[in-house]
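# Survey of secondary and tertiary structure
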Amino acid sequence: MYLRKFLSVFITVLFLSGCKSQTQVQPQIIAEIEEIEIENVIEIIEPEFEVVSIVILQADLVVTEFKTVIKVTNPNDFALELTELTYELYGNGEYWEGNTARESMQIPSASSSETVFVFQMNFINNTRNLLNEVIAMRQVNYIFKGKAKVQPDIQNIGPFIMNYDCRGLSEVKRRAEK
């Protein structure tokens, strides 16, 4: 009886081992491919501000009118638009005028544009020294500084705010006769 069980188990094992499959299991390699969106990086270089001239037009001893010509140079390969310009103007270290200009100024790519500001200054609020310089038609040290709101001419790029600071000397010139 033991021999019979042993033989039946032995024959079963032999039979099953003969039927063993030689199939090898190949490891599945799943390559994950991430979609990477490469965006074009656009470098925007701030425009350069330059005071071309500040012409002080001597009107009278109390109120004097002057005009400032500002040149804005765009070093970029695309146009820029100045949509707002906040400024402060100082003469010989004294505050003259401050305001915000909201007239749009177009600056073509790799080019320059100029704009003119006309101010009136009341010498009552300034020291006598500055008035004497203007009366004597001498040069006046100026500072023209502030912030500009700049809109690049590029789709989906919003405006940015930049600071500027121009300093130099201006000659005092008489008002042209009308």
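Up top is the structure.
Here we summarise the structure given alongside this text. (Residues numbered from 1 in each chain as written. Predicted model: local features only at pLDDT ≥ 70, side-chain atom pairs only at ≥ 80, totals over all residues. Heavy atoms only, no water.)

Okay, the pattern of salt bridges next. Enumeration over the complete set of coordinates arrives at two salt bridges. Among the ionic pairs, Arg-102 bridges to Glu-84, the shortest N-O distance being 3.3 Å. Separated by 18 residues along the polypeptide, Arg-102 in the loop between β4 (94-101) and β5 (105-107) and Glu-84 in strand β3 (residues 80-91) bring together distant segments of the chain. The class of Arg-102 is exposed, set by a relative accessible area of 60%. Taking relative accessible area as the criterion, Glu-84 reaches 25% and is therefore assigned partly exposed. (Salt bridge = Lys/Arg side-chain N within 4 Å of Asp/Glu carboxyl O. Helix = DSSP H or I, 4+ residues; strand = E, 2+ residues; numbered from the N terminus. Buried < 20%, exposed > 50% of the residue type's maximum accessible area, 1.4 Å probe, protein only.)

Let us now look at the side chain of Ser-113. By the secondary structure assignment, Ser-113 is in strand β6 (residues 111-122). A relative accessible area of 15% means that Ser-113 is categorised as buried. A distance of 2.7 Å separates the side chain of Ser-113 from the backbone oxygen of Gln-106, its partner in a polar contact. Those residues in contact with Ser-113 that lie beyond four places of it in its chain are Ile-70, Lys-71, Val-72, Met-105, Gln-106, Ile-107 and Pro-108. (Polar contact = N/O pair within 3.5 Å; in protein donor to acceptor, adjacent residues only side chain to side chain. Contact = heavy atoms within 4.5 Å.)

Relative to the helices and strands, Val-51 is located in strand β1 (residues 48-58). The spacing of Val-51 and Val-72 is 21 residues in sequence and 8.9 Å in space, taken between C-alpha atoms. The contacts of Val-51, once residues within four sequence positions are left out, are Thr-68, Val-69, Ile-70, Tyr-142, Phe-144 and Cys-166.

What follows concerns the nonpolar core. Counting 33 residues, the largest nonpolar core has Phe-49, Ile-56, Phe-66, Leu-82, Trp-96, Phe-144 and Tyr-164 as its most contacted members. Taken together, the elements giving at least two residues each to this core come down to β1, β2 (63-74), β3, β5, β6, α2 (128-135), β7 (140-152) and β8 (160-170). If near-sequence neighbours (up to four positions away) are discounted, Phe-49 is found in contact with Ile-70, Lys-71, Val-72, Leu-82, Leu-85, Ala-148, Met-162, Tyr-164 and Cys-166. (Core = buried A, V, L, I, M, F, W, Y, C linked by side-chain atoms within 4.5 Å.)

Quick look at the packing of aromatic side chains now. Under the defined criterion, the tally for this structure stands at eight aromatic pairs. A ring pair is formed by Tyr-87 and Phe-117, whose centres lie 5.3 Å apart and whose planes are at 50 degrees; its orientation type is tilted. Residue Tyr-87 is found in strand β3, and its partner Phe-117 is found in strand β6; the two are separated by 30 residues along the sequence. Of the two residues examined, Tyr-87 and Phe-117, each falls in the buried class. With a centroid separation of 6.2 Å and 10 degrees between ring planes, the pair formed by Phe-117 and Phe-119 is classed as stacked. Just as Phe-117 is buried, Phe-119 falls in that class too. Among the aromatic residues, those joined into a ring-pair cluster are Phe-49, Tyr-87, Phe-117, Phe-119, Phe-144 and Tyr-164. (Phe/Tyr/Trp six-rings, centres within 6.5 Å; stacked < 30°, edge-to-face > 60°.)

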